[in-house]
Amino acid sequence: GLFIHECRSSQNIPKIARDVGFDAVVQGIRISNPKLLDTKETQQQIHNAVSLREFVDAYFLGELSDRHADYFAIKKALATVRWRTGKPVTASFVHDDYIGRRGDRLRELEDFSIRSLKRPWDGDAVTPEQAVNATRDALATFRDDTKPGLLTTVFFPTGGGENFTEEAQYIYFRQVLNLRIPRGVNVVFFNSFDRPWARRMSETIENIPHFEGHTGLFRVKFSNDGEEVEFQPKKAVQLFAGRKMANVRRRTR
């Protein structure tokens with residue numbers, strides 16, 4: 001399946017995903033201001049996403065934090081997307097927002113659940129084992145749920161910090177793939193490719209972590225003239241070779 005974090009244009013990426021063999025597409029709608037959902041940017045994302053409904057299986061608003069959310073506005077927006085598309089909808093919050101009574105309130109909004117893994121580090125000193133423990137704790141928040149769920153932004157960087165290497169990423173994913181996952185829940189790995197634009201931003205903007213451009217399972221390499229791009233698999237891709245990803249590759253040839 002393909003998990004798309006936002007919809008800045010009506011370019012039909014979900015249709016392309018179907019054409020090359022993806023079984024399911026979850027389309028995100030980025031909320032520019034969680035306290036003010038009627039901004040032009042958010043409403044444009046909703047419009048773009050709804051126009052792609054023929055090729056989308058489900059929608060979400062996100063990624064949000066419980067402390068900054070306007071519940072009435074979110075509930076209204078979810079009802080609008082549900083009515084205009086006929087598809088399941090939800091809002092995406094960080095996983096620790098679902099602990100205790102706060103979580104009960106969030107579950108009332110959902111047709112299904114999407115929870116973002118709260119990053120298990122502050123800085124660059126986290127180890128793969130610490131990140132695995134955070135992932136395990138996040139999965140535990142689904143244990144008593146009765147609706148399907150996805151845990152998203154599950155990743156380990158390969159650059160931008162002293163512990164962030166391809167070998168560490170490999171160790172992290174190897175252990176995550178062996179975690180016990182609650183029934184009806186799946187994991188969204190973040191993300192497919194490194195993001196050179198995020199790396200450049202982290203070099204110039206103080207509050208953006210330096211690892212942001214190194215979160216992919218594939219390296220991105222541009223030609224000298226910048227006209228061509230090559231995607232090179234990192235070591236962790238080996239862990240997925242025998243899974244359904246192999247079938248997807250065969251169908252695209």
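Here is a short report on the structure shown in this document. As the structure is a prediction and not an experimental result, all values here were calculated from the model.

### Examining the pairing of strand β4 (residues 89–94)
Then, number 1: A large share of β4 lies buried, amounting to 5 of its 6 residues.
Then, number 2: Note that strand β3 (residues 58–64) and β4 share 4 bridges and pair parallel. Across the sheet, the residue bridging to leucine 64 is phenylalanine 93, located in β4.
Then, number 3: Where β4 meets strand β5 (residues 113–116), 3 bridges bridge the pair, whose relative direction is parallel. Considered in β5, the bridge of valine 94 is made with serine 116.
Then, number 4: In terms of handedness, the path from β4 via helix α4 (residues 101–107) over to β5 forms a crossover that is right-handed.

### A few points about the environment of arginine 119
Then, number 1: Along the chain, arginine 119 falls in the loop between β5 and α5 (128–140).
Then, number 2: For the pair arginine 119 and phenylalanine 72, spaced 47 residues apart in sequence, the C-alpha to C-alpha distance is 27 Å.
Then, number 3: Leaving out residues up to four positions away in the same chain, arginine 119 has contacts with Phe155, Phe211 and Glu212.

### Quick notes on the packing of aromatic side chains
Then, number 1: Tallied over the full model, the rule gives 12 aromatic pairs.
Then, number 2: For the ring pair phenylalanine 155 and phenylalanine 211, a centre distance of 6.2 Å and an interplane angle of 45 degrees mean the geometry is tilted. Note that phenylalanine 155 is positioned in the loop between β6 (149–154) and α6 (166–176) and phenylalanine 211 in the loop between α7 (196–204) and β8 (218–222), a separation of 56 residues in sequence.
Then, number 3: Overall, phenylalanine 155 belongs to the buried group, its relative accessible area being 3%.
Then, number 4: Here a set of aromatic residues connected by ring pairs shows up, and it is made of Phe155, Phe156, Phe164, Tyr172, Phe173, Phe189, Phe190, Phe211 and Phe240.

### What to know about the packing of α5 against α6
Then, number 1: Packing of α5 against α6 leaves a shortest axis separation of 9 Å and a crossing angle of 30 degrees. Classified by the interaxial angle, the pair formed by α5 and α6 is roughly parallel. In the crossing of α5 with α6, the sense of the turn from one axis to the other is right-handed. Of the residues in α6, those touching α5 at Pro128, Glu129, Ala131, Val132 and Thr135 are Ala168, Ile171, Tyr172, Gln175 and Val176.
Then, number 2: When grouped by side-chain class, the residues that make up the contact of α5 with α6 number 7 nonpolar, 2 polar and 1 charged.

### As for helix α3 (residues 71–85)
Then, number 1: In this model α3 runs 21 Å from its N-terminal to its C-terminal C-alpha over 15 residues, within 8% of the 21 Å that 1.5 Å per residue would give.
Then, number 2: Taken as a whole, α3 has its buried residues at Tyr71, Ala73, Ile74, Ala77, Leu78, Val81 and Thr85. When α3 is viewed along its axis, its buried side chains cluster within an angular range of 160 degrees and face the same direction. In α3, those exposed residues whose orientation departs by more than 90 degrees from the buried face are Phe72, Lys75, Lys76 and Trp83.
Then, number 3: N-capping of α3 is provided by aspartate 70, with a side-chain oxygen placed 3.2 Å from the backbone N of phenylalanine 72.
Then, number 4: Trailing α3 by a residue or two, glycine 86 shows a phi angle of about 70 degrees, which is positive.

Rules of the game
- Residues numbered from 1 in each chain as written.
- Predicted model: local features only at pLDDT ≥ 70, side-chain atom pairs only at ≥ 80, totals over all residues.
- Heavy atoms only, no water.
- Buried < 20%, exposed > 50% of the residue type's maximum accessible area, 1.4 Å probe, protein only.
- Helix = DSSP H or I, 4+ residues; strand = E, 2+ residues; numbered from the N terminus.
- Pairing = 2+ DSSP bridges.
- Right-handed = clockwise from strand over helix to strand, strands pointing away.
- Contact = heavy atoms within 4.5 Å.
- Phe/Tyr/Trp six-rings, centres within 6.5 Å; stacked < 30°, edge-to-face > 60°.
- Axes fitted to C-alpha atoms, helices over the stretch in contact; angles between N-to-C directions.
- Parallel < 35°, antiparallel > 145°, perpendicular 65-115°, else oblique.
- Left-handed = near helix turned anticlockwise from the far one by under 90°.
- Nonpolar A, V, L, I, M, F, W, Y, C, P; charged D, E, K, R; others polar.
- Expected span 1.5 Å × (residues − 1).
- Arc of directions from axis to C-beta.
- Polar contact = N/O pair within 3.5 Å; in protein donor to acceptor, adjacent residues only side chain to side chain.

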